[in-house]
Amino acid sequence: MADLKKLAEELVGLTLLEAAELKNILKDEYGIEPAAGAVAVAAAPGGGGEAAAEEKDEFDVILVDAGDKKINVIKEVRAITGLGLKEAKDLVEAGGKAVKEAAPKAEAEEIKKKLEDAGAKVELK
């Protein structure tokens, strides 16, 4: 039997590109269609009430919707992430995915502005 704890650690440690590739393998080879965002697992640190009281200094930039100008949004996603065309397109079309994780507040706001200028709907978490 597989070591489930080790498998869980490996899944949590996947990069965005690796998670997208895993999704494609599951879909193409096994016919499994993961729920949106199920493969891109982000480890959230467990904190008490004290952590919530502090001002957050790292944000995830989440692409909610590409809007009408999807090509412009894909171009911006490629520039921000360094992904290839297919990976950026998959990320944009999936919606609800993190474009950038754990970005400092200033960088997250800059990325959000670029994506919104391109026509996307973006939120910071």
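Residues numbered from 1 in each chain as written. Predicted model: local features only at pLDDT ≥ 70, side-chain atom pairs only at ≥ 80, totals over all residues. Heavy atoms only, no water.

**Comments concerning the overall build of the protein chain**
Inference 1: Within the protein chain, the regular secondary structure consists of 6 helices and 3 strands.
Inference 2: Counting over 125 residues, the protein chain shows a buried share of 22%.
Inference 3: Contacts spanning at least 24 positions in sequence make up 67% of the contacts within the protein chain whose residues lie at least 6 apart.
Inference 4: For the protein chain, the exposed surface amounts to about 8500 Å²; the carbon and sulfur share of it is 52%. (Helix = DSSP H or I, 4+ residues; strand = E, 2+ residues; numbered from the N terminus. Buried < 20%, exposed > 50% of the residue type's maximum accessible area, 1.4 Å probe, protein only. Contact = heavy atoms within 4.5 Å. Areas by Shrake-Rupley, 256 points an atom, 1.4 Å probe, with all protein chains shown as cover.)

**Let's talk about unusual backbone geometry**
Inference 1: Positive phi, normally seen in glycine, also occurs at Ala102, with a value near 55 degrees.
Inference 2: Inspection of the secondary structure puts Ala102 in strand 2 (residues 97–104).

**Details of the environment of Glu87**
Inference 1: Within the fold, Glu87 resides in helix 5 (residues 85–94).
Inference 2: With 67 residues separating them along the chain, Glu87 and Ala20 place their C-alpha atoms 7.2 Å apart.

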